[in-house]
Amino acid sequence: MSEALRQAVIDTALAMNASGINQGTSGNVSVRLAVPDAFLITPTATPYSQLTPTAIVEMHGVTPQGGRPSSEWRFHYDIYQARPDVAAIVHTHSRQATALACLRQSIPAFHYMVACAGGRDIRCCDYHTFGTQALSDAVLRALHERRACLMANHGVVATGASLAAALALAIEVENLAAMYLAACAIGTPVLLGDDEMDCVLDKFRHYRA
Ligand code: 13P
């Protein structure tokens, strides 16, 4: 089981780069384990194409087993502690969302799909140096009642009930950022009101294939 989950982390990291929302060794991927306080995470500074299941680091609380975890293990750890609804996390440096995050702007309700991140907007957290507790605290704040956020001058964090869901949300956030920037380039987008976004959020709660 753990071997399959380790491979699933690798497959998600490879898919993240293949989809065009990340490049090189930027970003990281993790998945919660059934054991309390435990999760698997990509190792730091390692090309995803070189990963084998044994290279995936197993965290037990703040203690790594079997290698050097991603430098961002703190926010992965803190999200799993604070958010029982989260089973997987994908962090990217996707281009358009990061461009917006470099302006320290959130994505407002310019499109109803913004609700896919769980609220009326997708917040941008404050800037802090990568790998720090301060960054983790800022990410946690921006994720309050949200499944994804932008990170100022850095990138994106997307969470989900599975690796596939977290990756799909990371892709959607990048798509929304691209649409928002395109709209801003030719005018001022008309924002949806709170009542409409609340209606969409309610419909999403019942939206199933
Ligand atoms: P790691 O290689 O340590 O995961 O760092 C990549 C990154 O994106 C840091 O924010």
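For the structure itself, consult the block above.
Regarding the environment of Arg83
Moving on, step 1. Structurally, Arg83 can be placed in the loop between α2 (73-82) and β5 (88-92).
Moving on, step 2. In this structure Arg83 comes out as buried when scored by relative accessible area, which is 15%.
Moving on, step 3. Separated by 64 residues in sequence, Arg83 and Arg147 have C-alpha atoms that sit 9.8 Å apart.
Moving on, step 4. Setting aside residues up to four positions removed in sequence, Arg83 forms contacts with Arg32, Leu143, Glu145, Arg146 and Arg147.

Quick look at the site of the ligand
Moving on, step 1. Near the ligand the following residues occur: Thr25, Ser26, Gly27, Asn28, Thr44, Ala45, Ser70, Ser71, Glu72, His91, His93 and His154.
Moving on, step 2. Contacts to the ligand include Ser71, whose side-chain N or O atom sits 2.6 Å from an oxygen atom.
Moving on, step 3. Here Glu72 contributes a side-chain N or O atom positioned 2.6 Å from an oxygen atom of the ligand.
Moving on, step 4. Here the ligand loses 91% of its free accessible area of 310 Å² to cover by the protein chains.
Moving on, step 5. Counting atoms within 2 Å of the grid points, the majority share of the ligand lands in the second largest pocket.
Moving on, step 6. Considered class by class, the residues forming the shell around the ligand number one nonpolar, 10 polar and one charged.

Notes on helix α5 (residues 163-186)
Moving on, step 1. The end-to-end C-alpha separation of α5 is 36 Å, in line with the 34 Å expected for 24 residues at 1.5 Å each.
Moving on, step 2. Three or more residues of α5 are buried, namely Leu163, Ala166, Leu167, Leu169, Ala170, Glu172, Val173, Glu174, Leu176, Ala177 and Tyr180.
Moving on, step 3. Buried residues in α5 make contact with α1 (2-18), β1 (28-32), β5, α3 (95-102), β7 (148-151) and β8 (155-160).

Some thoughts on the pattern of salt bridges
Moving on, step 1. Inspection of the entire model under this criterion finds six salt bridges.
Moving on, step 2. In this structure, the salt-bridge partner of Arg120 is Asp194, at a minimum N-O distance of 3.2 Å. With Arg120 in the loop between α3 and β6 (124-125) and Asp194 in helix α6 (residues 194-205), this pair connects stretches of sequence that are 74 residues apart.
Moving on, step 3. Using a relative accessible area of 44% as the deciding quantity, one classes Asp194 as partly exposed.
Moving on, step 4. Across the pair Arg120 and Asp198 runs a salt bridge whose closest N-O atoms are separated by 2.7 Å. Of this pair, Arg120 sits in the loop between α3 and β6 while Asp198 sits in helix α6; the two residues are 78 residues apart in sequence, bridging distant segments of the chain.
Moving on, step 5. When its relative accessible area of 30% is taken as the criterion, Asp198 is described as partly exposed.
Moving on, step 6. A network of salt bridges, in which partner residues are shared, links Arg120, Asp194 and Asp198.

Calculation criteria
Residues numbered from 1 in each chain as written. Predicted model: local features only at pLDDT ≥ 70, side-chain atom pairs only at ≥ 80, totals over all residues. Heavy atoms only, no water. Helix = DSSP H or I, 4+ residues; strand = E, 2+ residues; numbered from the N terminus. Buried < 20%, exposed > 50% of the residue type's maximum accessible area, 1.4 Å probe, protein only. Contact = heavy atoms within 4.5 Å. Near = heavy atom within 4 Å. Polar contact = N/O pair within 3.5 Å; in protein donor to acceptor, adjacent residues only side chain to side chain. Areas by Shrake-Rupley, 256 points an atom, 1.4 Å probe, with all protein chains shown as cover. 1 Å grid on protein atoms, 1.4 Å probe; cavity = no way out; pocket = protein on both sides within 12 Å on 5 of 7 lines; lining within 4 Å. Sits in = over half its atoms within 2 Å of the grid points. Nonpolar A, V, L, I, M, F, W, Y, C, P; charged D, E, K, R; others polar. Expected span 1.5 Å × (residues − 1). Salt bridge = Lys/Arg side-chain N within 4 Å of Asp/Glu carboxyl O.

Keep in mind that these numbers describe shape and distance, not what the molecule does.
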